[in-house]
Amino acid sequence: MYKNFLKRIIDVIISLILLVSLSPLILLTVVFLLVFNSGSVVFRQPRPGLNQNIFTLFKFKTMNDEVDEKGLLLPDDQRLTKIGKWVRKFSLDELPQLINVLRGDMSLVGPRPWLVEYLPLYNSFQKRRHEVRPGITGWAQVNGRNLINWEKRFEYDIFYVDHVSFWLDFKIVCMTIGNILTSKGISANGTATMQKFTGNE
């Protein structure tokens, strides 16, 4: 009942409330990014969602588009801007994903939507993370976020898939608020985000 019906209703209601109540903060973030960052304010990227269906993910852009002499993008930690660090520190870059939730691409809580290029690398166990809508926050995010290894991330994601409930979602939301206030687990060692997934050994 909750997983297949109530969860979606709660997602829509809370997303609408958050978009309205946080609109001054969202507008302020847009202004700061326009002033201190060059280029566009919103980052768009295709990501796999429920049943591996591809959708366009929205985030506030925290990195520039600088490239090396070969025309390849520089590593994330070299492209992360000063204002981008602050936006990412307080997870403000995730706010545009409330639009994704309203559109039905995502849920407030679920496994994070990773890159499309990872799809062919998953084994049958790992693919199960796409049995539910991806989330703005999730069980892996409140249990280490970008500091845990890929094996642990998949374990947490599949645990969530098998145990979706109102109370688990409520617990994850509460833990997420605590992590945001302490800026816990934002970056893995040596990168501005997390290490790239390269498949299974």
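About the criteria used
- Residues numbered from 1 in each chain as written.
- Predicted model: local features only at pLDDT ≥ 70, side-chain atom pairs only at ≥ 80, totals over all residues.
- Heavy atoms only, no water.
- Helix = DSSP H or I, 4+ residues; strand = E, 2+ residues; numbered from the N terminus.
- Buried < 20%, exposed > 50% of the residue type's maximum accessible area, 1.4 Å probe, protein only.
- Contact = heavy atoms within 4.5 Å.
- 1 Å grid on protein atoms, 1.4 Å probe; cavity = no way out; pocket = protein on both sides within 12 Å on 5 of 7 lines; lining within 4 Å.
- Points joined across faces, edges and corners; volume = space filled by probe spheres on them.
- Nonpolar A, V, L, I, M, F, W, Y, C, P; charged D, E, K, R; others polar.
- pLDDT = per-residue confidence, 0-100.
- Core = buried A, V, L, I, M, F, W, Y, C linked by side-chain atoms within 4.5 Å.

Trainee: If you had to explain the overall build of the chain to someone new, which residues and values would you point to?
Mentor: When you go through the chain residue by residue, the secondary structure sums to 8 helices and 4 strands. C-alpha extents for the chain along the principal axes are approximately 50 × 45 × 30 Å. Taken across its 201 residues, the chain has 45% of its residues classed as buried. When contacts within the chain are restricted to residue pairs at least 6 apart in sequence, long-range pairs at least 24 apart make up 70% of them.

Trainee: Describe empty space enclosed by the protein, naming the residues involved and giving the relevant values.
Mentor: Tallied over the entire structure, the rule returns 1 cavity of 30 Å³ or more. Considering only residue class, the lining of the largest cavity consists of 5 nonpolar, 1 polar and 3 charged.

Trainee: Run through the confidence of the model for the chain, naming residues and quoting values.
Mentor: Overall, the predicted model of the chain reaches an average pLDDT of 89, with 93% of residues at or above 70. Helix H3 (residues 76-79) is the least confidently modelled element of the chain, averaging 74 in pLDDT, while strand S3 (residues 107-109) averages 98, the highest of any element.

Trainee: Any chance you could break down the environment of Leu72 for me, citing the residues and the numbers?
Mentor: Within the secondary structure, Leu72 is located in the loop between strand S2 (54-60) and H3. The exposed category is assigned to Leu72, whose relative accessible area is 51%. Aside from chain neighbours lying at most four places away, what touches Leu72 is Glu66 and Val67.

Trainee: How would you explain the nonpolar core if you had to name every residue and give the values?
Mentor: One finds Trp139, Tyr160 and Ile172 to be the most contacted residues of the largest nonpolar core, which totals 28 residues. Contributing elements (two or more residues each) for this core: helix H2 (23-36), S2, helix H4 (82-89), helix H5 (97-103), S3, helix H7 (150-162) and helix H8 (166-182). Discounting residues that sit within four places of it in the chain, Trp139 has contacts with Tyr156, Phe159, Tyr160, Leu168, Lys171, Ile172 and Met175. Tyr118, Leu119, Tyr122 and Trp150 belong to the second-largest nonpolar core, a separate cluster that totals 7 residues.

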